[in-house]
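Tertiary structure, described
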Amino acid sequence: MSDGVHTQPDLTDGTPYKLTVVCAGDGAAEIAFTPHDAGSTKPVPCDGSVTFERLTGKSSVRLDVRGKPSATGMIAWRINKV
């Protein structure tokens, strides 16, 4: 979990997408976007439940999912065009 997810996906400008994130383990993680107006920061519990976030495509968007301190487990994610 210490590595988290760090990616700059190839998204089409202005197109709506749905990000799906699941964390299994203990503790929590957090979704963050750069630039911040691409999507909102959102907590992700590491209890196996699925978290969804909508975002608008930007060619320069960066997605980070970081584990909170002392969180352990695995993170899976997917981006789908809406």
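My aim in this report is to walk through the structure given alongside it, one point at a time.

Analysis parameters
- Residues numbered from 1 in each chain as written.
- Predicted model: local features only at pLDDT ≥ 70, side-chain atom pairs only at ≥ 80, totals over all residues.
- Heavy atoms only, no water.
- Disulfide = S-S within 2.5 Å.
- Helix = DSSP H or I, 4+ residues; strand = E, 2+ residues; numbered from the N terminus.
- Buried < 20%, exposed > 50% of the residue type's maximum accessible area, 1.4 Å probe, protein only.
- Salt bridge = Lys/Arg side-chain N within 4 Å of Asp/Glu carboxyl O.
- Contact = heavy atoms within 4.5 Å.
- Core = buried A, V, L, I, M, F, W, Y, C linked by side-chain atoms within 4.5 Å.

**Notes on the state of the cysteines**
- According to the stated counting rule, one finds one disulfide in the structure shown.
- Covalent S-S linkage joins Cys23 and Cys46, the inter-sulfur distance amounting to 2.0 Å. In this structure, the disulfide formed by Cys23 and Cys46 twists by about 80° around the S-S bond and is classed as right-handed. Pair noted here: Cys23 is in strand β2 (residues 16-34) and Cys46 is in strand β3 (residues 42-56), with a separation of 23 residues, a long-range link.
- Judged by its relative accessible area of 0%, Cys23 is buried.
- Cys46 gets classed as buried once you look at its relative accessible area, which sits at 3%.

**With respect to the pattern of salt bridges**
- Per the stated rule, a full pass over the model turns up four salt bridges.
- Where Lys68 meets Glu30, a salt bridge forms, and the shortest distance between an N and an O atom there is 3.6 Å. In this pair, Lys68 sits in the loop between β4 (62-67) and β5 (72-81) while Glu30 sits in strand β2, placing the two residues 38 residues apart along the sequence.
- Each of Arg62, Asp64 and Arg66 takes part in salt bridges that share partners, so that together they form one network.

**Comments concerning the environment of Ala76**
- Tracing the backbone shows Ala76 in strand β5.
- For the pair Ala76 and Gly4, spaced 72 residues apart in the sequence, the C-alpha separation amounts to 9.6 Å.
- Each residue touching Ala76, except ones within four places of it in the same chain, is listed here: Thr20, Val21 and Val22.

**Side note on the nonpolar core**
- Ranked by internal contacts, the top residues of the largest apolar core, which has 16 residues, are Leu19, Ile31, Phe33 and Val65.
- Sorting the residues of this core by element identifies β2, β3 and β4 as the ones contributing at least two each.
- Setting aside residues up to four positions removed in sequence, Phe33 forms contacts with Leu19, Ala38, Gly39, Ser40, Glu53, Leu55, Val61, Arg62 and Leu63.

Everything listed is a geometric property; what it means functionally is a separate question.
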